[in-house]
Number of protein chains: 2
Amino acid sequence: MTAPALKAGYACSEGCGFTASLWEVVYRCPRCEGLLEVAHDEAALRAVPASEWKRRFESRFATSRLPDGSGVWGKREWALPELPLEDIVSLGEGRVPLKPLPRMAAELGLGSLMLKECGVSPTGSFKDWGMTVLVSAVKHLRSRGTPIRAVACASTGDTSAALSAYAAAAGIPAVVFLPKNKVSLAQLVQPIANGARVLSLDTDFDGCMKLVQAVTADTGLYLANSMNSLRIEGQKMIAIELCQDLGWEPPDWIVIPGGNLGNASALGRGLDLLFNLGLISRRPRIAVAQAQRANPLARSFRGGFQDLVPMQAGATLASAIQIGNPVSFRRAVRMLRAFDGVVEEASESELANAAARADREGTFACPQTGVALAAVEKLAASGVMAKGSSVAVVATAHGLKFADFKVGYHRETLTDVKAAHANPPVELPADLSAVRAALKDLG
Amino acid sequence: MTAPALKAGYACSEGCGFTASLWEVVYRCPRCEGLLEVAHDEAALRAVPASEWKRRFESRFATSRLPDGSGVWGKREWALPELPLEDIVSLGEGRVPLKPLPRMAAELGLGSLMLKECGVSPTGSFKDWGMTVLVSAVKHLRSRGTPIRAVACASTGDTSAALSAYAAAAGIPAVVFLPKNKVSLAQLVQPIANGARVLSLDTDFDGCMKLVQAVTADTGLYLANSMNSLRIEGQKMIAIELCQDLGWEPPDWIVIPGGNLGNASALGRGLDLLFNLGLISRRPRIAVAQAQRANPLARSFRGGFQDLVPMQAGATLASAIQIGNPVSFRRAVRMLRAFDGVVEEASESELANAAARADREGTFACPQTGVALAAVEKLAASGVMAKGSSVAVVATAHGLKFADFKVGYHRETLTDVKAAHANPPVELPADLSAVRAALKDLG
């Protein structure tokens, strides 16, 4: 099914004109220091009719076998068209549920509110979508003889978990740089279990980032951080699959939590491709949601997209987006301009309560998803999201990764959070009449 | 697509002849106290050719929309054929990855070893498959006017999480009976977050079970425990989807951890249906794996399937199968006899090391899955599983639900476990030459 004529390569995302083969090891534009992006041959892609792309993607999903059944590799011509099938490293990422929240939608006056449940995933977060592309590319590089000893990243958690799992599946050594005592136990243990060499460093996230960049500047370690544009090619499939879920009809709004902003810009790349190839006929609007304590994009937006002013991110429950100097700031701004986008922010109380409110409809939202849901509440209340709008939220991780957040919320012990939906257990003796009395008001 | 002629009803699984409508509230045979099962009209099902069933199931998966995209409701004629579509309560359960473990397979001399990753699921465990059926049936009962105030269960964890999430999605109140201080924090907090009334009772699992049965004997609370045969109709889809993943060619062996044994018997029901309707042409063998400290079925097996001798289950890391008096013992024995089955058991060290070994290939195995993997190691070593066999293991929960188990393993602090694959983090100063030295031997 793969059209052999399709090609893709690196190009500088700042438009300086630099290009390179995808099979070179290059992370940033050597001319202007801009981030790279994977440029597809859109003319060749457009030669296939939209109806044929839809048919092809659907027929791939009909099988649950990998790689066709993967949310990324079922659309492989749009990811890395020249990658040989045998180099694909898939754990069955993507094709995740779209979960409606009808009660919350009705209360907010929205036509619909849906969660794209990207935490229902092999390693429990949406990073799997991108990491399968990166690790597959590295497997291919190694098979071509490029001397890569190991893959490496600095990460607050989800990225390192995803990298370690995919590298383990591929049999490629992985190294993870983690700030000591800054990530949850559940997050630290995934790379450890997957056999990565975990370096627990006496520094913060930025310090880890500096060290990993210094070490990967040596030959032999391949850098998997979010400036790596291969990952974007997988992350963009979230937007594509979301439109597919809706019968190739985009929602009015897509909302995503934003930290380093690579994933926010990936949304735009996916939607651009859908629109340019004729699979969707209009562009949704996009809202990026930030924690109030780590809101450099929101600050820029309020000033009409002023230049980035890096900040020291404050401690937030939404630890995965606690980033004050986002690497993909410029591409996120370009994306927001193209999609009539907005940026909203959420306080600790707002994010925690929005997550808890969604949980009451059967999900188990992580704090980052809480930030996005709180943004929806505020944008609906302010009228930016019109009455009756259809809204899809990218739910970025499984709440199981943030059990302490959930427990703290329902115990009402979280700092700066007034828990409006706390639901503590009822402690009772093992006695039938006590139990009956405790259930009298139900239903 | 639903064939309207298809019907199903309750029948006593002990063959006493009792039958009832699925829309009666009945949990056990009122004549002989046997467990019930859902009896399908196999003649009507057989009127549809096997090729048409395969085509239909695959075409449903081609869409990611629910309910067609669900691993259970994409095959709804085989679950509850008379359930109206509008009463389906789906969170996007099933259609989970089949993850190969090629290195472990090679080391064990097996042809293949695969994990059916049922923990990559909305609530993080394989219980979602069955709970979607039960809660959908309850929604239908309520829409027919049956006075059900709430659904209820007594559970060590995964069942209560699944029940609460599906009930929350359906807007049906849920009540969960939990033994105080006996389940992990991460497990307790899911029902709480999903708005269930959680009764934390000063007793053990058996005490909770007695109370929930007493309370549900009153009208108005619907019992969702594992004796409820509706859940089996969802759980059996695991075996069916597994064969679908393999192009309708069953593996030589299917291995599943066993506690209450309802899910083990569900495997047999799914395979029977596949075989009787001609979708598969041979029966795989089945191995049920138990923790050595909660091994009533293994003891019975060693005596040639002697009658159940209930035991006091000892504390095991595989807490979800820590059950000494399994409610589905008799149906599990019937299933094992029909599938040339065996029972194997694993010590604490064996289960923890087997889980860690699989993690090295990119999964994140729960302790119950560790029991099943340890059983594979032992059955391959003893020759019960012949060289070159293809083996699929039902991975029953996501390791994220057992973060303490993982952390304890890699810290080497688990009682009675000698951790052969511990991979502790390397603590380092934030210094480039120290980092380089720590990576010298890699790759």
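Residues numbered from 1 in each chain as written. Chains lettered and ligands numbered in written order. Predicted model: local features only at pLDDT ≥ 70, side-chain atom pairs only at ≥ 80, totals over all residues. Heavy atoms only, no water.

**Structural notes on the overall build of chain A**
Within chain A one finds 16 helices and 14 strands. At 22 Å, chain A has a C-alpha radius of gyration in line with the 22 Å of a compact globule built from 443 residues. Across its three principal directions, the C-alpha atoms of chain A cover 70 × 50 × 50 Å. Taken across its 443 residues, chain A has 65% of its residues classed as buried. Put simply, 70% of the contacts in chain A that link residues at least 6 apart link residues at least 24 apart. Surface exposure of chain A reaches about 14400 Å², of which carbon and sulfur atoms provide 50%. Of note, chain A has its 47 positive side-chain charges centred 2 Å away from the centre of its 43 negative side-chain charges. (Helix = DSSP H or I, 4+ residues; strand = E, 2+ residues; numbered from the N terminus. Rg over C-alpha atoms; globule rule 2.2 N^0.38 Å. Buried < 20%, exposed > 50% of the residue type's maximum accessible area, 1.4 Å probe, protein only. Contact = heavy atoms within 4.5 Å. Areas by Shrake-Rupley, 256 points an atom, 1.4 Å probe, with all protein chains shown as cover. Lys, Arg positive; Asp, Glu negative; His and termini not counted. Charge placed at Lys NZ, Arg CZ, Asp CG, Glu CD.)

**Quick word on the relation of the copies chain B and chain A**
Both copies of the chain are related through a single rotation about an axis accompanied by a shift along the same axis. Relative to chain A, chain B is turned by 180° and slid 0.0 Å along the rotation axis, the superposed coordinates differing by an RMSD of 0.0 Å. Taken together, the rotation angle and the small translation identify this as a two-fold axis. Taking C-alpha positions as the reference, the residue of chain B nearest the rotation axis is Ala 62 of chain B, at 2.0 Å. Most of the interface of chain B is mirrored in chain A: 100% of its interface residues are interface residues there too. (Least-squares fit on C-alpha atoms with pLDDT ≥ 70 in both.)

**Brief notes about the interface of chain B and chain A**
Taken together, the contacts link 88 residues of chain B with 89 residues of chain A. Close ionic contact of Asp 441 of chain B with Arg 197 of chain A constitutes a salt bridge, the shortest N to O distance being 2.6 Å. Linking chain B with chain A are 42 residue pairs in polar contact (both at pLDDT 80 or more). No other element matches the seven residues that helix 6 (residues 185–193) of chain B contributes to the side of chain B that touches chain A. When the residues that make up the side of chain B that touches chain A are grouped by side-chain class, the tally is 45 nonpolar, 21 polar and 22 charged. Pairing of strand 8 (residues 197–201) of chain A with strand 14 (residues 426–428) of chain B, which is carried by three bridges, proceeds in the parallel orientation. If you follow Ser 200 of chain A over to strand 14 of chain B, its bridge partner there is Glu 427 of chain B. (Salt bridge = Lys/Arg side-chain N within 4 Å of Asp/Glu carboxyl O. Polar contact = N/O pair within 3.5 Å; in protein donor to acceptor, adjacent residues only side chain to side chain. Nonpolar A, V, L, I, M, F, W, Y, C, P; charged D, E, K, R; others polar. Pairing = 2+ DSSP bridges.)

**Quick word on the sheet that holds strand 10 (residues 253–257) of chain B**
Residues and elements named next belong to chain B. Spatial ordering of the open sheet is given by 4-5-13-10-11-12, a layout of six strands whose pairing is mixed. Edge positions in the sheet fall to strand 4 (98–100) and strand 12 (342–346), since each has one partner strand and no second. Strand-to-strand twist of the sheet, defined as the mean angle between neighbouring strand axes without regard to direction, takes the value 25°. Where helix 10 (residues 262–276) meets the sheet, its contacts fall on strand 10, strand 11 (285–291) and strand 13 (390–395), and the angle it forms with strand 10 comes to roughly 150°. (Axes fitted to C-alpha atoms, helices over the stretch in contact; angles between N-to-C directions.)

**Here we look at unusual backbone geometry**
Trans is the prevailing form of peptide bonds, just as negative phi is the prevailing case for residues other than glycine. Across the junction of Leu 66 of chain A and Pro 67 of chain A, the peptide omega takes the value 5°, indicating a cis bond. Tracing the sequence through the fold places Pro 67 of chain A in the loop between helix 2 (50–62) and strand 4 (98–100). For Leu 261 of chain B, which is not glycine, the phi dihedral falls at a positive 80°. Residue placement: Leu 261 of chain B occurs in the loop between strand 10 and helix 10. Overall, Leu 261 of chain B belongs to the buried group, its relative accessible area being 3%. The backbone of Asp 416 of chain B shows a phi angle near 65°, a positive value even though the residue is not glycine. Mapping Asp 416 of chain B onto the fold places it in the loop between helix 15 (403–411) and strand 14.

**Details of helix 5 (residues 158–170) of chain A**
Residues and elements named next belong to chain A. In this model, helix 5 (13 residues) spans 18 Å end to end at C-alpha, consistent with the 18 Å of a helix rising 1.5 Å per residue. With respect to burial, helix 5 is a largely interior element, eleven of its 13 residues being buried. With its phi angle positive at about 75°, Gly 171 sits one or two positions after the end of helix 5. (Expected span 1.5 Å × (residues − 1).)

**Re the packing of aromatic side chains**
Residues and elements named next belong to chain A. Under the counting rule described, the total for this entry stands at twelve aromatic pairs over all chains. Ring geometry for Phe 301 and Phe 305: centres 5.4 Å apart, planes at 65°, overall edge-to-face. A relative accessible area of 25% means that Phe 301 is categorised as partly exposed. An aromatic cluster of at least three residues, connected via ring pairs, comprises Trp 53, Phe 57, Trp 78 and Trp 248. (Phe/Tyr/Trp six-rings, centres within 6.5 Å; stacked < 30°, edge-to-face > 60°.)

**Some points on the sheet that holds strand 2 (residues 19–20) of chain A**
The strand order across the open sheet built from three strands is 2-1-3 (chain A), with neighbouring strands paired in antiparallel fashion. Two strands in the sheet have a free side with no partner beyond their single neighbour: strand 2 and strand 3 (36–40) of chain A.

**Regarding the UniProt feature "modified residue: N6-(pyridoxal phosphate)lysine" (unreviewed entry) in chain A**
All names here are of chain A. Within this structure's numbering, the places UniProt gives as "modified residue: N6-(pyridoxal phosphate)lysine" (unreviewed entry) are Lys 127. As for its position among the elements, Lys 127 is in helix 4 (residues 127–143). Residue class for Lys 127 comes out buried when judged on its relative accessible area of 14%. (UniProt positions renumbered as here; feature names shortened; annotations may be inferred.)

**Side note on the side chain of Thr 396 of chain B**
Residue and element names in this part refer to chain B. Within the secondary structure, Thr 396 is located in the loop between strand 13 and helix 15. What makes Thr 396 buried here is its relative accessible area of 3%. Beyond its immediate sequence surroundings of up to four residues, Thr 396 is in contact with Gly 119, Ser 125, Phe 126, Pro 257, Cys 366, Gln 368 and Thr 369.

**Quick notes on the state of the cysteines**
If you walk through the whole model with that rule in mind, you get zero disulfides over all chains. This cysteine, Cys 208 of chain A, is not joined by any disulfide, and Cys 153 of chain A carries the nearest cysteine sulfur, 9.7 Å off. Cys 32 of chain B takes part in no disulfide bond, and the closest cysteine sulfur, belonging to Cys 12 of chain B, lies 3.4 Å away. (Disulfide = S-S within 2.5 Å.)

**Considering the packing of helix 13 (residues 348–359) of chain B against helix 15 of chain B**
Residue and element names in this part refer to chain B. Their axes nearest at 11 Å, the elements helix 13 and helix 15 cross at an angle of 95°. As the angle between them shows, helix 13 and helix 15 are arranged roughly perpendicular. Between helix 13 and helix 15, the contacting residues are Leu 351, Ala 352, Asn 353, Ala 355, Ala 356 and Asp 359 on the first element and Phe 405, Lys 406 and Tyr 409 on the second. The class makeup of the residues in the contact of helix 13 with helix 15 is six nonpolar, one polar and two charged. (Parallel < 35°, antiparallel > 145°, perpendicular 65-115°, else oblique.)

**A look at the pairing of strand 6 (residues 150–154) of chain B**
Successive side chains on a regular strand alternate, one facing one side of the sheet and the next facing the other. Residue and element names in this part refer to chain B. Counted residue by residue, strand 6 has five buried out of five residues, so it is predominantly covered. The alternating pattern of strand 6 places Ala 150, Ala 152 and Ala 154 and Val 151 and Cys 153 on opposite faces, both of which are buried. Both strand 6 and strand 9 (residues 221–223) contribute to a ladder of three bridges, which runs parallel. The residue of strand 9 that forms the bridge with Ala 152 is Leu 223. Pairing geometry for strand 6 and strand 7 (residues 174–179), over four bridges, is parallel. By the bridge assignment for strand 7, Ala 152 is matched with Val 175.

**Points about the pairing of strand 8 (residues 197–201) of chain B**
All names here are of chain B. With four of five residues buried, strand 8 lies mostly within the body of the structure. Across five bridges, strand 7 lies against strand 8 in parallel orientation. Counted as the bridge partner of Pro 179 is Leu 201 from strand 8.

**Overview of the packing of helix 4 (residues 127–143) of chain B against helix 5 (residues 158–170) of chain B**
Residues and elements named next belong to chain B. As a packed pair, helix 4 and helix 5 sit with axes 9 Å apart at the nearest point and diverge in direction by 40°. Here helix 5 runs oblique to helix 4, going by the angle between their axes. As for how helix 4 packs across helix 5, the hand of that crossing is right-handed. Residue-level inspection shows Lys 127, Asp 128, Met 131, Thr 132, Leu 134 and Val 135 of helix 4 in contact with helix 5, the latter providing Asp 158, Thr 159, Ala 162, Leu 163, Tyr 166, Ala 167 and Ala 170. When the residues that make up the contact of helix 4 with helix 5 are grouped by side-chain class, the tally is eight nonpolar, two polar and three charged. (Left-handed = near helix turned anticlockwise from the far one by under 90°.)

**Quick look at helix 4 of chain B**
Residues and elements named next belong to chain B. Here helix 4 is 17 residues long and its end C-alpha atoms lie 24 Å apart, about the 24 Å a rise of 1.5 Å per residue gives. Counted residue by residue, helix 4 has 14 buried out of 17 residues, so it is predominantly covered. Positioned one or two residues after helix 4, Gly 145 has a phi angle of 100°, which is positive.

**Structural notes on the pattern of salt bridges**
Residue and element names in this part refer to chain A. Counted by the stated rule, this structure contains 56 salt bridges over all chains. Asp 68 serves as the salt-bridge partner of Arg 76, at 2.9 Å between the closest nitrogen and oxygen. With relative accessibility at 24%, the residue Asp 68 sits in the partly exposed group. Each member of the salt-bridge network shares a partner with another, and the members are Glu 52, Arg 55, Arg 56, Arg 60, Asp 68, Arg 76 and Glu 77.

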